[in-house]
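What follows is each chain in one-letter form.
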Amino acid sequence: MALTDSSPLTLPPPALAPAAALRRKHRREAWRTLAFLSPWLIGFGFFFAYPLISTVYFSFMKYDGFTAPVFTGLKNWNYVLGHYPFFWQGLGNTLWLVVVMVSLRVVFGLGIGLLITKVKSGAGFFRTAFYLPYLAPPVAATIAFAFLLNPGTGPVNHALSRLGLPQPGWFNDPSWSKPALTLLALWGIGDLMVIFLAALLDVPQEQYEAAELDGAGAWQKFRFVTVPHISPIVVFAVVTGVIQTMQYYTQAIVAGKVASGVIGGSGEQFEPGYPRGSTWTLPQMVYNLGFQRFDTGSACVVALILFAISMAFTSLLLRRRAGFVTSED
């Protein structure tokens, strides 16, 4: 009798997709992903990456915008940080505005939002009244404030004199020019008021009721109920406020021009920062160096320093966010 092979039957392995087909599939997926990302990639490349790389490039060049750039190494950096007489004053003014103006805007915006949530009737009127100043054009609002705070003829100082109070020099006094700009920023607090108001109205009312049953007072309810719910909005307001204030330009230069009497016109010379450099900011410095003195290299140095400080502030605030925002957020 013939012997038969009793070993189990083995099926051939399933057919595997060829390597070329896999590569085509991955290539199609990559192109599809790039197609969806292309609007962002184009915007990022043209409006962020290219300007940033160009700014770094020109910071090492002597360039006036007309002749070919010439490599000068660290000469521009040495000039701005060691020899440009207004840099450190402008940096100090900018940081003062960031710390004081942003802090007060957040506090006042949150405070006004809290007050409006407590209004029983007429809340719509108060929302409109507080938001309308934010819609005023920055130049027009600054000119109006400069006339209102005029130390000689302004109605504010006239009212203070009637009350027997000191009359500051406001935009004509180096000690009061930045507080005057802060008052202007607080007058246009409507944007933050609306944001905080929406966040406050979103806090669950049952949690306030539960806190009242536990005997919590107004401060305890604000600290343990309101703040945990609105903390992401507070972080957002601070981060965006820092970024905007680091770009502070229009109000400072318009206030200085109006207070100094130089509104504009041919042949009139105006040195930014009036009075005595107290409103001189880093964005003004970029414009002054790049477009008035045609020193593009030094202007790029200031722009990079401004960018680095903004990134440092933002990174610090976002790192601190983990200790401020509750875990469920």
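Residues numbered from 1 in each chain as written. Predicted model: local features only at pLDDT ≥ 70, side-chain atom pairs only at ≥ 80, totals over all residues. Heavy atoms only, no water.

S.K.: Residues and numbers for the overall build of the protein chain, please.
M.R.: Tallying secondary structure elements over the protein chain gives 13 helices and 2 strands in all. Looking at the protein chain as a whole, 34% of its 329 residues qualify as buried. When contacts within the protein chain are restricted to residue pairs at least 6 apart in sequence, long-range pairs at least 24 apart make up 68% of them. Per element, the accessible surface of the protein chain, about 20500 Å² overall, is 67% carbon and sulfur. (Helix = DSSP H or I, 4+ residues; strand = E, 2+ residues; numbered from the N terminus. Buried < 20%, exposed > 50% of the residue type's maximum accessible area, 1.4 Å probe, protein only. Contact = heavy atoms within 4.5 Å. Areas by Shrake-Rupley, 256 points an atom, 1.4 Å probe, with all protein chains shown as cover.)

S.K.: Can you break down the packing of helix α4 (residues 123-131) against helix α8 (residues 190-201) residue by residue, with the values?
M.R.: Running from N to C, α4 and α8 cross one another at 145 degrees; their axes reach a closest spacing of 8 Å. Across from Arg127, Phe130 and Tyr131 in α4, the residues of α8 making contact are Gly190, Asp191, Met193, Val194 and Leu197. (Axes fitted to C-alpha atoms, helices over the stretch in contact; angles between N-to-C directions.)

S.K.: How would you explain the pattern of salt bridges if you had to name every residue and give the values?
M.R.: Using the criterion set out here, one finds 2 salt bridges in the structure. Residue Arg105 is joined to Asp191 by a salt bridge in which the shortest nitrogen-to-oxygen separation is 3.0 Å. Of this pair, Arg105 sits in helix α3 (residues 87-118) while Asp191 sits in helix α8, and the two are 86 residues apart along the sequence. Residue class for Arg105 comes out buried when judged on its relative accessible area of 15%. The class for Asp191 is buried, based on a relative accessible area of 15%. Linking Glu212 and Lys221 is a salt bridge whose minimum nitrogen-to-oxygen distance equals 3.0 Å. (Salt bridge = Lys/Arg side-chain N within 4 Å of Asp/Glu carboxyl O.)

S.K.: Any details on a nonpolar patch on the surface? Residues and values, ideally.
M.R.: Residues Trp31, Leu34, Leu37, Trp40, Leu41, Phe44, Phe48, Phe307 and Met311 make up a contiguous nonpolar surface patch of about 900 Å² in total accessible area. Going through the elements one at a time, α1 (19-58) and α13 (296-324) are the ones with two or more residues in the nonpolar patch. The element best represented in the nonpolar patch is α1, accounting for 7 residues. (Patch = residues over 30% accessible without salt bridge, like charges linked within 9 Å, V, L, I, M, F, W, Y side chains within 5 Å.)

S.K.: How would you explain a positive patch on the surface if you had to name every residue and give the values?
M.R.: On the surface, Arg23, Arg24, Lys25, Arg27, Arg28 and Arg32 cluster together into a patch of positive charge. The class for Arg24 is partly exposed, based on a relative accessible area of 43%. (Lys, Arg positive; Asp, Glu negative; His and termini not counted. Charge placed at Lys NZ, Arg CZ, Asp CG, Glu CD.)

S.K.: Could you give an account of the nonpolar core, with specific residues and numbers?
M.R.: Ranked by size, the top nonpolar core spans 37 residues in total, and within it Phe87, Val106, Phe196, Ile230, Leu282 and Met285 carry the most contacts. For this core, the secondary structure elements donating two or more residues are α3, α8, α9 (205-213), α10 (218-246), α12 (282-292) and α13. With 8 residues, α3 is the single largest residue contributor to this core. Beyond its immediate sequence surroundings of up to four residues, Leu282 is in contact with Phe87, Gly90, Leu91, Thr94, Val302, Leu306 and Ile309. Judged by nonpolar contacts, the second largest core, of 20 residues, contains Phe145, Ala146, Ala180 and Ala259. (Core = buried A, V, L, I, M, F, W, Y, C linked by side-chain atoms within 4.5 Å.)

S.K.: An account of unusual backbone geometry is requested, with residue identities and associated values reported.
M.R.: Residue Pro275 is reached from Tyr274 by a cis peptide bond, and omega for that bond is 0 degrees. Of note, Pro275 is situated in the loop between α11 (250-260) and α12. At Trp170, a position not held by glycine, the phi torsion is positive, near 50 degrees. Secondary-structure assignment places Trp170 in the loop between α6 (155-162) and α7 (177-187). Here Arg276, not a glycine, exhibits a phi torsion of approximately 50 degrees, which is positive. Topologically, Arg276 is positioned in the loop between α11 and α12.

S.K.: Can you lay out α12 for me, pointing to particular residues and giving the numbers?
M.R.: When α12 is considered as a whole, its buried residues turn out to be Leu282, Pro283, Gln284, Met285, Asn288, Leu289 and Gly290. Positioned one or two residues after α12, Phe294 has a phi angle of 55 degrees, which is positive.

S.K.: So what's going on with the environment of Phe171? Residues and values would help.
M.R.: For Phe171, the location among the structural elements is in the loop between α6 and α7. Distance from Phe171 to Ala252, taken between C-alpha atoms, is 9.6 Å for residues 81 residues apart in sequence. Look past the residues within four positions of Phe171 in its chain and what remains in contact with it is Phe145, Ala146, Leu149, Ser177, Ala180, Leu181, Ala255, Ala259, Tyr274 and Pro275.

S.K.: Got a sec to walk through the environment of Tyr84? Specific residues and values, please.
M.R.: Relative to the assigned elements, Tyr84 resides in the loop between α2 (75-82) and α3. For the pair formed by Tyr84 and Ser298, sequence separation is 214 residues and the distance between their alpha carbons is 9.4 Å. In this structure Tyr84 touches Tyr79, Trp280, Met285, Asn288, Leu289 and Arg293, once residues within four positions along its chain are discounted. Among the polar contacts made by the side chain of Tyr84, one reaches the side chain of Asn288 at a distance of 3.5 Å. (Polar contact = N/O pair within 3.5 Å; in protein donor to acceptor, adjacent residues only side chain to side chain.)

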